[in-house]
Amino acid sequence: MDIASKVYLTKGDFHPRPSIKETMEALNDLVQTGKVRALGASAMYASQFQDMQKVAQDNGWNHFSAMENHYNLLYREDEKDLAEDRSGHH
(Lines give C-alpha, C1' and ligand atoms only; values in the text may rest on other atoms or scores of the structure.)
Protein backbone atom coordinates (compact mmCIF):
# COMPACT_ATOMS: atom_id res chain seq x y z
CA MET A 1 0.00 0.00 0.00
CA ASP A 2 1.28 3.49 -0.85
CA ILE A 3 1.46 5.96 2.00
CA ALA A 4 1.71 9.74 1.68
CA SER A 5 3.95 11.43 4.25
CA LYS A 6 1.82 14.57 4.30
CA VAL A 7 -1.25 15.79 2.43
CA TYR A 8 -1.73 19.55 2.00
CA LEU A 9 -5.12 21.17 1.69
CA THR A 10 -5.15 24.54 -0.06
CA LYS A 11 -7.53 27.41 0.50
CA GLY A 12 -10.98 26.54 -0.71
CA ASP A 13 -14.57 27.57 -0.60
CA PHE A 14 -16.51 25.30 1.74
CA HIS A 15 -19.97 26.72 1.07
CA PRO A 16 -22.25 24.91 0.71
CA ARG A 17 -20.34 21.65 0.24
CA PRO A 18 -18.15 20.10 1.35
CA SER A 19 -18.41 21.64 4.78
CA ILE A 20 -15.36 22.18 6.95
CA LYS A 21 -16.55 19.34 9.18
CA GLU A 22 -16.90 16.96 6.22
CA THR A 23 -13.48 17.95 4.94
CA MET A 24 -11.73 17.48 8.28
CA GLU A 25 -13.49 14.17 8.86
CA ALA A 26 -12.33 12.89 5.46
CA LEU A 27 -8.76 14.03 6.15
CA ASN A 28 -8.88 12.36 9.57
CA ASP A 29 -10.09 9.14 7.95
CA LEU A 30 -7.05 9.18 5.64
CA VAL A 31 -4.73 9.37 8.65
CA GLN A 32 -6.67 6.78 10.66
CA THR A 33 -6.58 4.26 7.80
CA GLY A 34 -2.81 4.74 7.45
CA LYS A 35 -2.93 6.22 3.96
CA VAL A 36 -1.51 9.55 5.16
CA ARG A 37 0.90 10.21 8.01
CA ALA A 38 0.23 13.92 8.57
CA LEU A 39 -1.94 16.82 7.42
CA GLY A 40 -0.87 20.23 6.23
CA ALA A 41 -2.57 23.40 5.05
CA SER A 42 -1.45 25.82 2.39
CA ALA A 43 -2.44 29.33 1.30
CA MET A 44 -5.56 29.80 3.40
CA TYR A 45 -6.78 32.64 5.54
CA ALA A 46 -5.87 32.50 9.23
CA SER A 47 -9.55 32.41 10.21
CA GLN A 48 -10.18 29.46 7.89
CA PHE A 49 -7.14 27.60 9.26
CA GLN A 50 -8.26 28.25 12.84
CA ASP A 51 -11.84 27.13 12.10
CA MET A 52 -10.57 23.88 10.62
CA GLN A 53 -8.22 23.24 13.53
CA LYS A 54 -11.09 23.84 15.99
CA VAL A 55 -13.39 21.40 14.19
CA ALA A 56 -10.65 18.76 14.32
CA GLN A 57 -9.98 19.43 18.00
CA ASP A 58 -13.68 19.45 18.97
CA ASN A 59 -14.15 16.05 17.33
CA GLY A 60 -10.90 14.44 18.50
CA TRP A 61 -9.60 14.23 14.93
CA ASN A 62 -6.13 14.69 13.51
CA HIS A 63 -5.34 18.33 12.89
CA PHE A 64 -2.91 20.16 10.63
CA SER A 65 0.69 19.78 11.70
CA ALA A 66 2.02 22.29 9.16
CA MET A 67 0.97 25.52 7.47
CA GLU A 68 2.68 26.84 4.34
CA ASN A 69 1.54 30.27 3.25
CA HIS A 70 2.52 32.15 0.16
CA TYR A 71 5.65 34.04 1.17
CA ASN A 72 6.36 37.45 -0.20
CA LEU A 73 8.95 39.78 1.26
CA LEU A 74 6.81 42.86 0.56
CA TYR A 75 3.32 41.49 1.27
CA ARG A 76 3.20 39.91 4.73
CA GLU A 77 -0.52 40.09 5.59
CA ASP A 78 -1.03 36.32 5.66
CA GLU A 79 1.83 35.92 8.09
CA LYS A 80 0.49 38.76 10.25
CA ASP A 81 -3.00 37.23 10.35
CA LEU A 82 -1.66 33.86 11.44
CA ALA A 83 0.52 35.41 14.13
CA GLU A 84 -2.41 37.41 15.49
CA ASP A 85 -4.69 34.40 15.37
CA ARG A 86 -2.10 32.29 17.17
CA SER A 87 -1.66 34.84 19.96
CA GLY A 88 -5.37 35.44 20.39
CA HIS A 89 -5.08 39.17 19.60
CA HIS A 90 -7.22 40.51 16.79
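Overview of the structure. (Residues numbered from 1 in each chain as written. Predicted model: local features only at pLDDT ≥ 70, side-chain atom pairs only at ≥ 80, totals over all residues. Heavy atoms only, no water.)

## A look at the overall build of the protein
Turning to step 1, where the next piece is worked out: Each helix and strand in the protein was counted, giving 3 helices and 3 strands.
Turning to step 2, where the next piece is worked out: Across the 90 residues of the protein, 27% fall into the buried class.
Turning to step 3, where the next piece is worked out: Put simply, of all contacts in the protein between residues at least 6 apart along the chain, 74% involve residues at least 24 apart.
Turning to step 4, where the next piece is worked out: Accessible area for the protein stands at about 6300 Å²; split by element, carbon and sulfur atoms hold 50% of it. (Helix = DSSP H or I, 4+ residues; strand = E, 2+ residues; numbered from the N terminus. Buried < 20%, exposed > 50% of the residue type's maximum accessible area, 1.4 Å probe, protein only. Contact = heavy atoms within 4.5 Å. Areas by Shrake-Rupley, 256 points an atom, 1.4 Å probe, with all protein chains shown as cover.)

## Let's talk about the packing of aromatic side chains
Turning to step 1, where the next piece is worked out: Within this structure, the stated rule accounts for 1 aromatic pair.
Turning to step 2, where the next piece is worked out: Centroid distance F49 to F64: 5.7 Å. Interplanar angle 20 degrees. Geometry classified as stacked. With a gap of 15 residues between them, F49 in helix α2 (residues 46–59) and F64 in strand β3 (residues 64–68) connect regions that are remote in the sequence.
Turning to step 3, where the next piece is worked out: With a relative accessible area of 12%, F49 lands in the buried category.
Turning to step 4, where the next piece is worked out: Relative accessible area serves as the criterion here: at 4%, F64 is assigned to the buried category. (Phe/Tyr/Trp six-rings, centres within 6.5 Å; stacked < 30°, edge-to-face > 60°.)

## Comments concerning the side chain of N28
Turning to step 1, where the next piece is worked out: With respect to the helices, strands and loops of the structure, N28 is situated in helix α1 (residues 20–32).
Turning to step 2, where the next piece is worked out: A polar side-chain atom of N28 sits 2.8 Å from a polar atom in the side chain of N62.
Turning to step 3, where the next piece is worked out: Apart from the residues within four sequence positions on either side, N28 is in contact with W61 and N62. (Polar contact = N/O pair within 3.5 Å; in protein donor to acceptor, adjacent residues only side chain to side chain.)

## Focus: the nonpolar core
Turning to step 1, where the next piece is worked out: Judged by nonpolar contacts, M24, L27, V31, V36, L39, A41, M44, F49, M52, A56, W61 and F64 together constitute the single largest core of 12 residues.
Turning to step 2, where the next piece is worked out: Elements with a contribution of two residues or more to this core: α1, β2 (36–42) and α2.
Turning to step 3, where the next piece is worked out: Those residues in contact with V31, other than ones at most four positions away along the chain, are V36, R37, L39 and N62. (Core = buried A, V, L, I, M, F, W, Y, C linked by side-chain atoms within 4.5 Å.)

## Observations concerning the environment of K54
Turning to step 1, where the next piece is worked out: Within the element layout of this structure, K54 appears in helix α2.
Turning to step 2, where the next piece is worked out: Exposure remark for K54: the relative accessible area of 47% places this residue in the partly exposed category.
Turning to step 3, where the next piece is worked out: Expressed as a C-alpha distance, the spacing of K54 and K21, which sit 33 residues apart in the sequence, is 9.8 Å.

## Describing α1
Turning to step 1, where the next piece is worked out: For α1, which comprises 13 residues, the first-to-last C-alpha distance of 18 Å matches the rise-based estimate of 18 Å (1.5 Å per residue) to within 8%.
Turning to step 2, where the next piece is worked out: Among the residues of α1, those classed as buried are T23, M24, L27, N28 and V31. An end-on view of α1 places all buried positions within 130 degrees of arc, on one side of the element.
Turning to step 3, where the next piece is worked out: Tucked into the core, α1 has its buried residues touching β1 (4–10), β2, α2 and β3.
Turning to step 4, where the next piece is worked out: Where α1 ends, the next residue or the one after it, G34, has phi of about 85 degrees, a positive value. (Expected span 1.5 Å × (residues − 1). Arc of directions from axis to C-beta.)

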